[in-house]
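Overview (structure and organization)
For reference, the chains in residue letters:
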Amino acid sequence: MSDHSRLLEEMAEAAREAGAAILEVVRRGFEVETKGDSSPVTIADRAAELVILSALARAAPGVPVIAEEEVAAGRIPAHDDTYFLVDPLDGTKEFVRGGDDYTVNIGLIEQGTPKLGVVFTPSSGKLHAGSVGAGAWLQEG
């Protein structure tokens, strides 16, 4: 991963696309299921994760993705010390209650250390992004 700025842009776009998928589920309506750990999960969690998995596969082929819903389903990819860490809908309980305080989170771990990250809030369109050595910033909707 040498071109961190390009990759960070791709991660941000993936988070925005996942946020759009979440908002589409809100418009259509959804049912709530329960995972094995008794936490809620919805089609929005799964739809957002699929968008992110696809986008990251294009942006960084071969880099494993450890994603919440995949892990909950028992699918943990083989990985070394470089991988993406994804929570496609962080704050599902808030989401299920109809609140706006939930996010899409994507991070890149290299050599066991977080290097890049984005946190997108679909309800407001705010995107927080950061890169070790380059700082962090906020882009408003």
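Heads up: these notes are all about the structure in this document. Position numbers for residues start from 1 in each chain and track the written sequence from start to end. Two thresholds apply to this predicted model, a pLDDT of at least 70 for residue-level local features and 80 or more for giving and counting side-chain atom pairs, whereas whole-chain, interface and lining totals are computed over all residues. With hydrogens and water excluded, all non-hydrogen atoms of the structure serve as input to the side-chain values.

Here, a salt bridge means any side-chain nitrogen of Lys or Arg that lies within 4 Å of a carboxyl oxygen of Asp or Glu. Applying the stated criterion across every chain, the model contains 9 salt bridges. We note a salt bridge from Glu24 to Arg28, for which the minimum N-O separation is 4.0 Å. Taken together, the positions of Glu24 and Arg28, both in helix H1 (residues 4–28) and 4 residues apart, correspond to about one turn of that helix. Burial classes: relative accessible area under 20% of the type maximum marks a residue as buried, over 50% as exposed, and values in between as partly exposed (1.4 Å probe, protein chains only). We classify Glu24 as partly exposed; its relative accessible area is 32%. For Arg75, the salt bridge goes to Glu70, with nearest N and O atoms at 3.0 Å. Here Glu70 falls in the partly exposed class, since its relative accessible area comes to 23%. The helix and strand labels rest on DSSP assignments: H or I over at least four residues marks a helix, E over at least two residues marks a strand, and numbering proceeds from the N terminus.

Attention now moves to the packing of aromatic side chains. Stacked, tilted and edge-to-face are the three classes assigned to paired rings of Phe, Tyr and Trp, where Trp is represented by its six-membered ring and a pair needs centres within 6.5 Å; plane angles under 30 degrees give stacked, over 60 edge-to-face, the rest tilted. All chains considered together, the criterion is met by 2 aromatic pairs. A centroid spacing of 4.8 Å and a plane angle of 20 degrees characterise the contact between Phe30 and Phe95, whose relative ring orientation is stacked. Here Phe95 lies in helix H4 (residues 92–96) and Phe30 lies in the loop between H1 and strand E1 (32–34), a separation of 65 residues in the sequence. A residue is classified by how much of its surface remains accessible, and Phe30, at 28% relative accessible area, is partly exposed. An aromatic cluster is built from Phe30, Phe95 and Tyr102, whose rings are joined through pairwise contacts.

A word on the pairing of strand E5 (residues 103–110). Where burial is concerned, most of E5 is hidden: 8 out of the 8 residues are buried. Judged by which residues are buried, E5 turns out to be covered on both faces: Thr103, Asn105, Gly107 and Ile109 on one side and Val104, Ile106, Leu108 and Glu110 on the other are all buried. At least two bridges found by DSSP between two strands is the condition for calling them paired. In this structure, strand E4 (residues 83–90) lies alongside E5, joined through 6 bridges in antiparallel fashion. When the sheet's bridge partners are listed, Val86 is paired in E5 with Ile106. By the bridge criterion, 7 bridges tie E5 to strand E6 (residues 113–121) in an arrangement that is antiparallel. Across the sheet, Leu108 pairs through a bridge with Leu116, a residue of E6.

Along an α-helix, a turn takes 3.6 residues, which lines up residues three or four apart on a common side. Expected span, for any helix, means 1.5 Å times one less than how many residues it has. For helix H2 (residues 43–59), spanning 17 residues, the distance from its first C-alpha to its last is 24 Å, which sits close to the expected 24 Å at 1.5 Å a residue. Residues of H2 that are buried: Ala44, Asp45, Ala48, Glu49, Ile52, Ala55, Leu56 and Ala59. Down the axis of H2, the smallest arc covering the buried residues is 135 degrees, so these residues share one side. Pointing more than 90 degrees away from the buried face of H2 are the exposed residues Leu50 and Arg58. For the purposes of these results, a polar contact is taken to be a pair of N or O atoms within 3.5 Å, where, inside protein, one atom must be able to donate a hydrogen and its partner to accept one; residues adjacent in sequence count only when each atom of the pair is a side-chain atom. N-cap assignment for H2: the residue whose side-chain oxygen lies 3.1 Å from the backbone N of Ala44 is Thr42. The directions from the helix axis to the C-beta atoms are what the arc is built from.

This paragraph deals with the sheet that holds E4. Pairing within the open sheet is mixed, and its 6 strands lie in the order E3-E4-E5-E6-E7-E8. The open sheet is flanked by strand E3 (65–67) and strand E8 (135–139), the only strands paired with a single partner. The average angle at which neighbouring strand axes cross in this sheet is 15 degrees, direction not considered. Alignment of strand E7 (residues 126–131) against E8, held across 5 bridges, turns out to be antiparallel. Every angle, taken between N-to-C directions, lies between 0 and 180 degrees, and every axis is a line fitted to C-alpha atoms, over only the stretch in contact when it is a helix.

On the secondary structure map, Asn105 appears in strand E5. Here the side chain of Asn105 touches Asp90 through a polar contact of 3.2 Å, side chain to side chain. The contacts of Asn105, once residues within four sequence positions are left out, are Leu85, Val86, Asp87, Asp90, Val118 and Val119. Residue contacts are counted whenever heavy atoms from the two residues lie within 4.5 Å of one another.

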